[in-house]
Amino acid sequence: MTRPGNSVVGSRGKARRPTGREDLIAGALALPQMPAPVMRIMSYLSNPDSDMNTLASLIEYDPGLTANVLRMANSSLFGLLDPVTTTRDALFKLGTRRVMQLVIASGVAPSAAGEVKGYGLAEGEFLRFSISIGLGAELAAQLAGIAAPAHTFTAGLLCPIGKMVLGRFLGVDAGPILDLAVTEDLSFEQAERRILGIDHAELGALLLASWGLPEPIVTCVRWHLNPCLAPKPDTARDLAHVGLALTTMAGIGLGVDGMRYQACQDSFDRLGVTPEHVNEALEKLVDNLTEIEEILSQV
Amino acid sequence: MKNRITVSISDMKISSDPGDMLITHSLGSCLGLAAWDPQAGIGALIHCLLPKSPHPDVANPFMYVNVGVPLMIRRMAALGCSKGSLIFRAAGCGSMLNILNQFDTGAQNMAMLEALFAKNGVSLAAVDVGGSIPRTMTLHVDTGALIITSQGKEWEI
């Protein structure tokens, strides 16, 4: 068995290189949080009693976020006849869910847009991958005729955050992980656990828990790669897994890990997602992703 | 220095400029099909997301194997290519691990192409499909060379 860490951690990242599970966790937990207003909104979205006025207040708390929302709402893509001048106006005209997606995506975009070299993702690819998982999760719910929990998009968006932490900030090179996965016929996250002592889903969940994100989002991130192994079923987690499957099949933001992840059929079955739903979701995903990317490019 | 023309998801490009190379990135379950006519010096590359269109009159036929591939061939014929001299090579059609057949879009894309070609008496000169690797496909219009790159490696088919 390969010794954790030593052969795959490059010279980028921290001055003292992480060399195994505990070092990688410590390195991840030392990273700065996302902007505070975005964190507050993500936390609030898990509240079943969330309302439009409070959400508007959370956005208005931050002038930069407010400016981004107004810029996006007035984008030609939405085709609104009258200019949107307030956050409440944007929420009313575009819908709470759409605005929240844009707010969160715009909060994540600055850090997620860069290259994740260790996992072979060029600039922009990791952000596309993240947004696509969130969108795919919501599309799956829509087509299967089920109500997606409010935090579904956010959880989907954050699912791969551990990959960014490992591949960019902690200097992990995924090449040897892939080699092990191919040689021993493992899924990529199994090989991550063998070599690093932790997989990117667990690391991402630990990071988000340390930031104080709500438990439903944290557990969704923790088990999104294989919900079949999770202690109990969860709708948002199943949706995030289907979002990941759709993103992977469409070839959006694939790195060196490629498609080397297990499909959990139980997730599809619990949600009632059929092959026809998958095809329709893939069509919509590609179209919607282009639109979201165009909007985010203005942030 | 060659001119790189990107073929996006659900897109198709044709070129008769020997200085061009047609590239499609990150094929997952999608089908990439290159067609090259050495006599006419014309190449084309299509990136299909799904095997079958829900109805014949779709907004973007290049999204689907069953209507996109025939349309690509018709467009090439209109530019002077002959069906008999076209060389076809396919790549992509990957799958996640343990995915059930009915959800395996990659296998369905390839099956649709094979059925379409069998019906029309067309053969594939080379294939590089399946598995769980992402593939980038580059067709050089001048030589017809078709390069596959994946996970830091490169090979020609």
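Residues numbered from 1 in each chain as written. Chains lettered and ligands numbered in written order. Predicted model: local features only at pLDDT ≥ 70, side-chain atom pairs only at ≥ 80, totals over all residues.

**Section: the overall build of chain B**
Counting its secondary structure elements, chain B contains two helices and ten strands. Computed over its C-alpha atoms, the radius of gyration of chain B comes to 15 Å, within 12% of the 15 Å expected for a compact globule of 157 residues. Taken along the three principal axes of its C-alpha coordinates, chain B extends 40 × 40 × 30 Å. Relative to its full complement of 157 residues, chain B shows a buried share of 49%. Contacts spanning at least 24 positions in sequence make up 61% of the contacts within chain B whose residues lie at least 6 apart. (Helix = DSSP H or I, 4+ residues; strand = E, 2+ residues; numbered from the N terminus. Rg over C-alpha atoms; globule rule 2.2 N^0.38 Å. Buried ≥ 20, exposed ≤ 12 C-beta atoms within 10 Å, placed from the backbone. Contact = placed C-beta atoms within 7 Å.)

**A few points about the overall build of chain A**
Summing up its helical and strand segments, chain A has 16 helices and zero strands in all. By residue count, 54% of the 299 residues in chain A fall in the buried class. Counting only contacts in chain A whose residues sit at least 6 apart along the sequence, the fraction spanning at least 24 positions is 70%.

**Description of the nonpolar core**
Ranked by size, the top nonpolar core spans 143 residues in total, and within it Val103(A), Ala140(A), Val221(A), Leu282(A) and Cys48(B) carry the most contacts. Looking at this core element by element, the count peaks at eleven residues for helix H7 (residues 125-144) of chain A. In contact with Val103(A), other than residues within four places in its own chain, are Val38(A), Ile41(A), Ile59(A), Leu65(A) and Val69(A). (Core = buried A, V, L, I, M, F, W, Y, C linked by C-beta atoms within 7 Å.)

**What to know about the sheet that holds strand E2 (residues 11-15) of chain B**
Residue and element names in this part refer to chain B. Read across the open sheet, the five strands follow the order E2-E5-E4-E6-E7; overall the sheet is mixed. One side of each edge strand has no neighbouring strand; the edge strands of this open sheet are E2 and strand E7 (126-129). Within the sheet, the average angular offset between the axes of one strand and its neighbour, ignoring direction, is 10°. Relative to strand E6 (residues 87-92), strand E4 (residues 31-37) is paired through six bridges, and the arrangement is antiparallel. Among the inter-strand pairings, Leu 33 is bridged to a residue of E6, identified as Ala 90. Strands in contact with helix H1 (residues 65-78) are E2, E4 and strand E5 (42-48); relative to E5, the strand with the most contacts, it is inclined by about 165°. Of the strands in this sheet, E4, E5, E6 and E7 are in contact with helix H2 (residues 105-119), which crosses E4 at around 35°. (Pairing = 2+ DSSP bridges. Axes fitted to C-alpha atoms, helices over the stretch in contact; angles between N-to-C directions.)

**Examining the interface of chain A and chain B**
Each partner contributes residues to the interface: chain A has 24 residues there, and chain B has 25 residues. For the side of chain A that touches chain B, the secondary structure elements donating two or more residues are helix H10 (175-183), helix H14 (235-250), helix H15 (265-271) and helix H16 (275-296) of chain A. Here the side of chain A that touches chain B gets six residues from one element, more than from any other, and that element is H16(A).

**Here we look at the packing of H10(A) against helix H11 (residues 188-196) of chain A**
All names here are of chain A. Put simply, H10 and H11 touch, their axes get as near as 8 Å, and they point 115° apart. Classified by the interaxial angle, the pair formed by H10 and H11 is roughly perpendicular. For H10 against H11, the interelement crossing comes out right-handed. For the pair H10 and H11, contact is made by Pro 176, Ile 177, Leu 178, Leu 180 and Ala 181 and by Phe 188, Ala 191, Glu 192, Arg 194 and Ile 195, respectively. Its residues placed into classes, the contact of H10 with H11 shows eight nonpolar, no polar and two charged. (Parallel < 35°, antiparallel > 145°, perpendicular 65-115°, else oblique. Left-handed = near helix turned anticlockwise from the far one by under 90°. Nonpolar A, V, L, I, M, F, W, Y, C, P; charged D, E, K, R; others polar.)

**Points about the sheet that holds strand E8 (residues 135-140) of chain B**
Residues and elements named next belong to chain B. Across the sheet, which stays open at both edges, the five strands sit in the order E1-E3-E8-E9-E10 with mixed pairing between neighbours. Edge positions in the sheet fall to strand E1 (3-6) and strand E10 (153-156), since each of these pairs with one other strand and no more. Going from strand to strand, the sheet's axes swing by 25° on average, the running direction of each strand aside. With four bridges connecting them, E8 and strand E9 (residues 146-150) associate as antiparallel partners. Residue pairing for E9: Leu 139 is matched across the bridge by Leu 146.

**Examining the confidence of the model for chain A**
Residues and elements named next belong to chain A. Averaged over all residues, the pLDDT of chain A is 85; the fraction at 70 or higher stands at 89%. For chain A, the element scoring lowest by mean pLDDT is helix H2 (residues 36-45), at 75; H14 scores highest, at 97. The low-confidence segment residues 1-7, where pLDDT is below 50, has 16 contacts with residues more than four positions distant or belonging to other chains. For residues 9-15, every residue scores under 50 in pLDDT, and the model assigns this stretch 14 contacts once sequence neighbours within four places are set aside. (pLDDT = per-residue confidence, 0-100.)

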